[in-house]
Amino acid sequence: MAFQRINQFTGCNNIAKPERLPEGAVADAVNLDFTVGGKAELRAGYSLVRKCQAGKELRAVFAMPDDSLLIVENNDLIKLRNGQEQKIGEVSTGPIAATVHNDKLYLNTQAESLEIGVAEVSPWGMAPPDFDLAVIGYGDMPIGTYKISVTGISGGSEAGAHIKTVEINTSGKSIAVHLNSNGQSRVYCSAANGTQLYHQGSASSSAPFVITGEPANDTAVLETAHLTKMPFCEILESHKGQILGASGNTLYFTRPMLPHLHDPLSGFVLFNKKITLIAPVGDGVYVCADKTYYISAIGSNEMTMRKVLDFGAVAGTQVKLPSGSVSWFSEYGQIIAGNGGEVAMVNKDTYSPEIMDSGAAVLLSGNGNQIIATTMSGAQRSSLLKSKDFWDVEVI
């Protein structure tokens with residue numbers, strides 16, 4: 001085999017036959033980095049950040065807003081900063097996802113939803129409180145139909161709420177609200193035969209909250225009716241004032257500026273196949289499923305969606321670029337995508353990778369160059385375009 005030194009690297013090309021490679025190209029490169037000028041250098045080494053505990057499973061690592069790392073090891077949440085470890089909580093087994101939003105890490109499993117700040121861990125949203133209503137025999141409420149609701153308080157914000165209806169058919173009655181869950185709550189009630197619900201006061205499960213006369217109608221209005229917390233998502237991303245998530249073939253999103261609230265009636269978009277990747281940019285969001293789609297003005301009346309590529313992506317391989325664009329890995333190699341749904345397949349004509357089900361990626365900077373490094377795992381799918389050697393065999 002003849003060896004040839006290449007000092008002006010122009011890229012990998014595994015589609016052309018090895019004997020017909022363009023000048024400066026290689027069919028494959030292992031453990032090498034290439035500088036802006038095209039010079040090949042040995043890849044820089046790595047250093048140990050933390051040694052995993054023997055017999056424990058490292059489930060996930062998330063970057064925190066304060067430049068620390070959140071490590072999920074078995075059921076433990078461990079914060080690592082400047083070599084110092086601190087256990088800050090526990091989570092259940094199973095899949096886990098998280099995203100940084102408004103300088104906090106929002107994390108969910110199938111059993112927990114957590115909001116993790118620099119110094120505190122609190123619930124991320126809560127389900128609407130459960131309550132029962134009863135008409136009791138004293139008071140002075142006008143005859144009519146009343147709408148009652150109870151909201152919980154989560155992280156200082158008001159949670160979603162269900163609305164129940166009760167009728168008063170005779171005079172001299174009151175309404176008792178019985179809470180079936182612990183925690184601080186607020187009670188809302190409409191006027192007789194009214195539609196708008198107004199704040200009546202705070203309540204707890206220790207004693208019924210009783211409305212004895214005409215409900216107040218000059219207080220705060222209920223604004224979280226029929227809303228709830230985000231469902232469990234296998235993927236989470238932050239986009240402007242919303243948190244986006246994916247579970248199966250459904251894309252979910254929170255209410256604008258209200259990360260703890262989700263509208264189960266309208267806060268989702270369905271796709272034909274499982275979503276593998278969500279990649280936000282400045283004015284929209286790329287969603288990869290059976291194909292790649294671009295959504296703008298998500299969650300608003302002006303929301304639009306269009307197809308931009310006829311194929312999807314390798315799950316978990318999205319990277320935010322310094323320009324504000326995003327990149328991910330696909331069956332055609334690296335994809336670069338920007339505002340307005342503009343996408344570029346930078347390797348399509350020269351490189352056809354063998355891809356796997358899922359992966360991870362990172363943007364590395366060094367020697368004046370920026371490199372996207374992608375690693376993959378799972379079932380491997382061979383490239384149909386890659387140049388290969390073969391034999392013709394005749395069996396006699």
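Preceding block: the structure.
Residue numbers here run from 1 along each chain, matching the order of that chain's written sequence. Predicted model: local features are reported for residues with pLDDT of at least 70 only, side-chain atom pairs are reported and counted for 80 or more only, and whole-chain, interface and lining totals are derived from all residues. As a convention, hydrogens and water are excluded, and side-chain values are obtained from all of the structure's heavy atoms.

A. Representation of the overall build of the chain within the structure. Each helix and strand counted, the chain has zero helices and 35 strands in total. Here the globule rule reads 2.2 Å times residues to the power 0.38, and the radius of gyration is calculated from C-alpha atoms. Computed over its C-alpha atoms, the radius of gyration of the chain comes to 28 Å, more than 25% above the 21 Å expected for a compact globule of 396 residues. Viewed in the frame of its principal axes, the chain has a C-alpha envelope of about 100 × 50 × 45 Å. For each residue, the accessible area found with a 1.4 Å probe, counting protein chains only, is set against the maximum for its type, and the residue is called buried under 20%, exposed over 50%, and partly exposed in between. Of all 396 residues assigned to the chain, the portion counted as buried reaches 40%. Residue contacts follow a heavy-atom distance rule, with two residues in contact if any of their heavy atoms lie within 4.5 Å. Within the chain, contacts between residues separated by at least 24 positions form 50% of all contacts whose residues are at least 6 apart in sequence. Counting from the N terminus, the helices are the DSSP runs of H or I reaching at least four residues and the strands are the DSSP runs of E reaching at least two.

B. Highlighting the sheet that holds strand β13 (residues 131–136). Here, a strand pair is defined by DSSP locating no fewer than two bridges between the strands. A sheet is described by the order of its strands in space; here three strands give the open sequence β13-β17-β20, paired in antiparallel fashion. Edge strands, defined here as strands with exactly one partner in the open sheet, are β13 and β20 (209–211). Here the average twist between neighbouring strands, direction ignored, is 20 degrees. With axes taken as lines fitted to C-alpha atoms, and helix axes fitted only over the stretch in contact, angles between N-to-C directions fall between 0 and 180 degrees.

C. Representation of the environment of Thr276. If you trace the backbone, Thr276 turns up in the loop between β25 (268–270) and β26 (277–281). For Thr276, a relative accessible area of 19% gives the class buried. With 162 residues separating them along the chain, Thr276 and Leu114 place their C-alpha atoms 23 Å apart. Excluding residues that lie within four positions of it along the chain, Thr276 makes contacts with Ile235, Cys288, Ala313, Ala315 and Gly316. Reaching out from Thr276, the side chain makes a polar contact with the backbone oxygen of Ala313 at a distance of 3.2 Å. Under the rule applied, a polar contact is a pair of N or O atoms within 3.5 Å (in protein, one hydrogen donor and one hydrogen acceptor; residues adjacent in sequence only if both atoms are side-chain atoms).

D. A look at the sheet that holds strand β12 (residues 121–123). An order of β9-β10-β11-β12 is seen for the four strands of this open sheet, with the pairing classed as antiparallel. Each of the sheet's edge strands pairs with one partner strand only, and the pair in question is β9 (97–101) and β12. Sheet twist, expressed as the average angle between the axes of neighbouring strands with direction ignored, equals 25 degrees. Here five bridges tie β9 to strand β10 (residues 104–108), and the two strands are oriented antiparallel to one another. Within β10, the position partnered with Thr99 by the bridge is Tyr106.

E. Main features of the packing of aromatic side chains. Stacked, tilted and edge-to-face are the three classes assigned to paired rings of Phe, Tyr and Trp, where Trp is represented by its six-membered ring and a pair needs centres within 6.5 Å; plane angles under 30 degrees give stacked, over 60 edge-to-face, the rest tilted. Enumeration over the complete set of coordinates arrives at five aromatic pairs. Seen from their ring centres, Tyr286 and Trp328 are 5.5 Å apart, and the 55 degrees between their planes marks the pair as tilted. One end of the pair, Tyr286, is in strand β27 (residues 284–288); the other, Trp328, is in strand β31 (residues 326–330), and 42 residues separate them in sequence. In terms of burial, Tyr286 and Trp328 fall into one category: buried.

F. Spotlight on unusual backbone geometry. Positive phi outside glycine occurs at Asn74, with the angle close to 55 degrees. With respect to the helices, strands and loops of the structure, Asn74 is situated in the loop between β6 (69–73) and β7 (76–81). Here His226, not a glycine, exhibits a phi torsion of approximately 70 degrees, which is positive. Within the secondary structure layout, His226 lies in the loop between β20 and β21 (235–239). Taking relative accessible area as the criterion, His226 reaches 47% and is therefore assigned partly exposed.

G. Expanded view of the pattern of salt bridges. Salt-bridge detection follows one rule: a side-chain nitrogen of Lys or Arg within 4 Å of a carboxyl oxygen of Asp or Glu. In the structure shown here, the tally under the stated rule is twelve salt bridges. One salt bridge connects Asp76 with Lys56, and the closest N-O pair in it is separated by 3.9 Å. A residue pair is termed long-range when its members are at least 10 positions apart, and Asp76 in strand β7 and Lys56 in the loop between β4 (40–42) and β5 (58–63) qualify at 20 residues. Note on Asp76: relative accessible area 16%, which makes it buried. A relative accessible area of 37% places Lys56 in the partly exposed class. A single salt-bridge network, built from bridges that share partners, covers Lys56, Asp76, Lys87 and Glu90.

H. Region of interest: the pairing of β27. For β27, the tally of buried residues reaches five of five residues, placing the bulk of the element in the interior. Taking every second residue as pointing to the same face, both faces of β27 are buried, with Gly284, Tyr286 and Cys288 on one and Val285 and Val287 on the other. Across five bridges, β26 lies against β27 in antiparallel orientation. The partner of Pro280 across the bridge, within β27, is Val285. The loop that links β26 with its antiparallel partner β27 comprises two residues. Relative to strand β28 (residues 292–296), β27 is paired through five bridges, and the arrangement is antiparallel.

These values are about where atoms sit, not about what they do.
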